[in-house]
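Here is how the chains run, residue by residue.
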Amino acid sequence: REERPDIDRLYMTSLQLMTQQGGWPMTMFLDPKGVPFYGGTYFPKEARDGMRSFMGELTGVAQAYKEEPAVVASNVERMLETLDKIANFNAEGTLSQADLDASAKHLAERFDTTNGGLRGAPKFPQTMLLDFLWRNVLRNPDPATDFVLKTTLNSMCKGGIYDQIGGGFARYAIDLMWAVPHFEKMLYDNALIMEQLTRVWQRTKDPLYAECVTETATWVQREMIMPGGGFASSLDADSEGVEGKYYVWTEAEIDEVLGDAEAAKLFKTAYGVTKEGNWEGKIVLNRLAPQAAISPKNQELINEAKEALLEARSKRVAPGRDDKVLADWNGLMIAALAEASAAFDKVEWLDTAKAAYQFVVETMSDGDRLYHSAHGTTAAHLGNADDYANMTHAALTLYEITGETAYMEKAQAWTEVLETHFWDKNAGGYCHTPDDGETLLIRMRTVADEATPNANGMMMSQLTKLWLLTGDNAYHRKAQSLMETFAGAAKHQPFGVGAFLAGSEIYHTPVQIVIIGRREQAGTEALINEVFKASIPNRILQVIDQNATLPKGHPAYGKKQDAHKPTAYVCVGTTCSLPQVNPKNFSHALAAGPKVIVD
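Residues numbered from 1 in each chain as written. Predicted model: local features only at pLDDT ≥ 70, side-chain atom pairs only at ≥ 80, totals over all residues. Heavy atoms only, no water.

Caption draft 1: Representation of the overall build of the protein in the model. Looking only at helices and strands, one finds 20 helices and 17 strands in the protein. Taken over C-alpha atoms, the radius of gyration comes to 25 Å for the protein, in line with the 25 Å a tight globule of 599 residues would show. The principal-axis extent of the C-alpha atoms belonging to the protein is close to 85 × 70 × 45 Å. In the protein, 67% of the contacts between residues at least 6 apart in sequence involve partners at least 24 apart. Carbon and sulfur atoms provide 51% of the accessible area of the protein, an area that totals close to 25500 Å². Where the 58 positive side-chain charges of the protein centre and where its 78 negative ones centre are 4 Å apart. (Helix = DSSP H or I, 4+ residues; strand = E, 2+ residues; numbered from the N terminus. Rg over C-alpha atoms; globule rule 2.2 N^0.38 Å. Contact = heavy atoms within 4.5 Å. Areas by Shrake-Rupley, 256 points an atom, 1.4 Å probe, with all protein chains shown as cover. Lys, Arg positive; Asp, Glu negative; His and termini not counted. Charge placed at Lys NZ, Arg CZ, Asp CG, Glu CD.)

Pasting the structure below:
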C-alpha cells in the first residue's frame, strides 16, 4: 500500500466503485489482464455476523468465474469504462475568492463546535482542510471559522491522540473527544500537524501549540531518523501483540515512577489519571478536563514528572518501526521541520531537515528522477507525482529559509520532470504515475486528497511560488491550467480537495515579501526574523543583494534600499508597502498580510 501507492490507488478506487466504501485489508479478484470484477475488505476466517468466510468467498468467486463468464465479462467491461471516465474526468470552471470564502464557510459549518474536527467519530486531523481554513481566516476573518479551527487544534493537543509524554500524534482518535487514539504514529500526520500548529502559533503565540511542536520535533529526532538522515515511515500501534501497551498506564504505575506525593497528585490532576482508567481499565493520558491555571512552580514539577515517566516508558518493549523511507512523506516532514525551525529559532531542526533532504537527493535519486521508497541505501520504485510535489515543497521551503540557490534549482528540475513525464496532455493535470513507469490498467489522475495532500493541489502552491520567484510565466500558465482543470470539482465537492483550495488561496492572494540586503548582515537578519515570526502561509520571500534585480513583472521591481539600510517591502497584487527598515514597523506591515494597506 505504501511502497506501491499507484497499485493501491487503482484498486482502492475500483473497490469503492463496487461497494461504495473502501478500507484495508483489501481483497480484489482480477481477470487475467488485471481488471477487477469483485472485491471487498475484510473477510473472516469463519463465517460470522452476516459475513461469509474467506474460503466461502473463494468458492463463490471460483464458481461464478467458471459458470457465469458472461457476468464476469460484463463486470470487467463496466469497470474499465468507469475507470477510464475517472481518469479523463475534467470539471472545468473557475474558482474565485468569493468561491473560496463560500467553501470555507461551508466546511466550517460541518465541524464539531464542541470538540473540533468534523462531526462524528472517529476523529481524523483533516490537516489539509485546516490549512485551507486558516489561510481563509487570515484573508477573510470569520469568528466562526476561527473558533472551530482553534477548537480542533486545542482538542488534538490536549487529547489522547497526542502522546502527552513523548510527543507526536497518533493516526486518529476513535471517540468524539479525541481522548482515545488508534496508537499508530505516521510520519506524514505529524509533519502536516506540526506545520499547521506552527502557522497558527505564529499568529496566536499560544504556548500549547509551541509545546506540541517542540515535543513532536524532539520525538522525530529521537525516534524517526534513519542512518543517513532520512525519516522512517511510522511506528506501530502494537507492542508485545497488544495495541497501545507501550503508551498506557495504571495509576499504580504512575505513583511508583513519580514517588513524590505532591508531584504525583499534580500530574494526575493535570492528565486525567483515575484509578479506574479511561480505556479498557488503563489510562490514556490527556488534558481535556477543564482545570485552573497552573503556577510556574507546579508546571516545573509536572514537566519533571513527564521526564520521569518518559524515562520509565523507554524501558518497555517499544512498538515496531517501519524503517522504509518514502520520498513524499519525507518531503512533508522536511518542510514542516524547516518552517518550524525558522519560527521557533531552532537551528538543530533545520539541520535535521537538511540532512533528510540530502538523503533523498543522494540516495533516492537518479539525476533529477526520484525513487519513491528506500530501505537502507537501496532505493526502489519510480517516484510518483506526490514524491515530486512534496519534495518541491521541501526544496522551496529550504530555499526561502536559507537563500541557497541549489534548493531553488532542484525545485525547478523536479517541476520539469513533472511536466515531462506526468502531465496529461489531453485532460490537463498531473497523473499519479510517470509515462515511463510500469503500465497499469489506467494512469490515475485526480485532485482529491487522501491521507496526504494530492499532487495537483500541492503543485498549485508550488507553481505559484516558482512563477513569482522567477518571473517565468510558464509556471503561471501551468498553475492556471490546473485551476481550469479542477476548479469545477473543487467548487462542488470541497471536502476532499483541501490542498487544492489552499493552493488556490496562494494563487489568488500571494504575499510577496522582498528584503534588499545581504544575508548574515544584522539588519537583514532582523527583518528576515520578523517574516518567520508572522503567520503568512501565502508568503513568497525573496532576499536579494542591493545590486540584484527582481523580475520585471514583480511589483517591487526597481525598488531600492532606503537610506542604504537593509529594506523590506510587502506586496499584494501590484501594490507594495512603504519601504520598511525598522523591524518593529515591518512586523506591523506583515501582520496586515493580504490586507496590507499602503498610505
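Caption draft 2: The packing of helix α14 (residues 385–402) against helix α16 (residues 455–470), seen in detail. With their axes 9 Å apart at the nearest point, α14 and α16 run at an angle of 35° to one another. When the axes of α14 and α16 are compared, the crossing they make is left-handed. Facing α14, whose interface residues are Ala-385, Asp-386, Ala-389, Asn-390, Thr-392, His-393, Leu-396, Tyr-399 and Glu-400, α16 presents Ala-455, Met-458, Met-459, Gln-462, Lys-465, Leu-466 and Leu-469. The residue makeup of the contact of α14 with α16, split by class, is nine nonpolar, four polar and three charged. (Axes fitted to C-alpha atoms, helices over the stretch in contact; angles between N-to-C directions. Left-handed = near helix turned anticlockwise from the far one by under 90°. Nonpolar A, V, L, I, M, F, W, Y, C, P; charged D, E, K, R; others polar.)

Caption draft 3: Summary view of a nonpolar patch on the surface. A surface patch of nonpolar side chains, amounting to about 270 Å² of accessible area, comprises Phe-54, Met-55 and Leu-58. Checked against the element boundaries, Leu-58 lands in helix α2 (residues 54–67). (Patch = residues over 30% accessible without salt bridge, like charges linked within 9 Å, V, L, I, M, F, W, Y side chains within 5 Å. Salt bridge = Lys/Arg side-chain N within 4 Å of Asp/Glu carboxyl O.)

Caption draft 4: A look at the state of the cysteines. A complete count under the given rule lists one disulfide for this structure. Paired by a disulfide, Cys-571 and Cys-576 hold their sulfur atoms 2.1 Å apart. Residues Cys-571 and Cys-576 share a disulfide whose torsion about the S-S bond is about 100°; that sign makes it right-handed. Here Cys-571 falls in the buried class, since its relative accessible area comes to 0%. Accessibility expressed as a relative area gives 9% for Cys-576, which makes it buried. Free of any disulfide, Cys-212 has its nearest cysteine sulfur in Cys-157, 3.2 Å distant. For Cys-212, a relative accessible area of 0% corresponds to the buried category. (Disulfide = S-S within 2.5 Å. Buried < 20%, exposed > 50% of the residue type's maximum accessible area, 1.4 Å probe, protein only.)

Caption draft 5: Inspection of the sheet that holds strand β14 (residues 511–516) at higher detail. One open sheet accounts for four strands, arranged β15-β14-β16-β17; its pairing is mixed. Strands at the two margins of the open sheet, each flanked by one partner only, are β15 (539–544) and β17 (575–576). In terms of strand pairing, strand β16 (residues 567–572) meets β17 through two bridges, oriented antiparallel. Bridge pairing in β17 places Cys-571 opposite Cys-576. Most of the contacts of α16 go to β15, to which it runs at about 30°, and overall it touches β14 and β15. (Pairing = 2+ DSSP bridges.)

Caption draft 6: Fine view of the environment of Glu-362. Here Glu-362 shows up in helix α13 (residues 347–363). Residue classification places Glu-362 among the exposed positions, given a relative accessible area of 59%. Here the alpha-carbon distance between Glu-362 and Tyr-475, two residues 113 residues apart in the chain, equals 27 Å.

Caption draft 7: Local environment of the packing of helix α5 (residues 127–139) against helix α7 (residues 187–204). Between α5 and α7, the least distance of the axes is 10 Å, while the angle of their chain directions is 20°. By the criterion of interaxial angle, the relationship of α5 to α7 is roughly parallel. Where α5 crosses over α7, the handedness of that crossing is left-handed. Together, Thr-127, Met-128, Leu-130, Asp-131, Trp-134, Arg-135 and Leu-138 of α5 and Leu-192, Ile-193, Gln-196, Arg-199, Val-200 and Arg-203 of α7 make up the contact between the two elements. Across the contact of α5 with α7, the residue classes break down as seven nonpolar, two polar and four charged. (Parallel < 35°, antiparallel > 145°, perpendicular 65-115°, else oblique.)

Caption draft 8: View of the side chain of Ser-155. Relative to the elements of secondary structure, Ser-155 occurs in helix α6 (residues 143–158). When near neighbours in sequence (up to four residues on either side) are disregarded, Ser-155 contacts Asn-115, Trp-178 and Leu-288.

Caption draft 9: Examining α5 more closely. The terminal C-alpha atoms of α5, which comprises 13 residues, lie 19 Å apart, in line with the 18 Å expected from a rise of 1.5 Å per residue. Counting buried positions along α5 yields 13 of 13 residues, so the element is predominantly enclosed. (Expected span 1.5 Å × (residues − 1).)

Caption draft 10: Structural view of the packing of aromatic side chains. All told, the structure shown has 17 aromatic pairs when counted by the stated rule. Here Arg-1 stacks its cationic end above the ring of Trp-24, 3.9 Å away from the centre of that ring. Directly above the aromatic system of Trp-249 lies the positively charged group of Arg-316, at a separation of 4.0 Å from the ring centroid. (Phe/Tyr/Trp six-rings, centres within 6.5 Å; stacked < 30°, edge-to-face > 60°. Lys NZ or Arg CZ within 6 Å of the ring centre and 35° of its normal.)

Caption draft 11: Spotlight on the pairing of β16. With respect to burial, β16 is a largely interior element, six of its six residues being buried. Side chains Thr-567, Tyr-569 and Cys-571 of β16 all project onto a buried face; the interleaved residues Ala-568, Val-570 and Val-572 project onto the opposite face, where all are buried too. Bridge count between β14 and β16: six bridges; the pairing is antiparallel. Its bridge partner being in β16, Val-514 is matched across the sheet by Tyr-569. Remark: two residues form the turn of the hairpin made by β16 and β17, two consecutive strands paired antiparallel; Gly-573 in that turn has positive phi of roughly 65°.

Caption draft 12: Quick peek at helix α8 (residues 207–223). Here α8 is 17 residues long and its end C-alpha atoms lie 24 Å apart, about the 24 Å a rise of 1.5 Å per residue gives. Every buried residue of α8 is accounted for by Leu-208, Tyr-209, Ala-210, Cys-212, Val-213, Glu-215, Thr-216, Ala-217, Trp-219 and Val-220. For α8, the capping residue at the N-terminal end is Asp-206, with a side-chain oxygen 2.8 Å from the backbone nitrogen of Leu-208. (Polar contact = N/O pair within 3.5 Å; in protein donor to acceptor, adjacent residues only side chain to side chain.)

Caption draft 13: Focus on unusual backbone geometry. Omega for the peptide link from Trp-24 to Pro-25 comes to 0°, which places this bond in the cis form. Backbone torsion omega between Ala-121 and Pro-122 reads 0°, so that peptide bond is classified as cis. Counting through the fold element by element, Pro-122 comes out in the loop between α4 (97–108) and α5.

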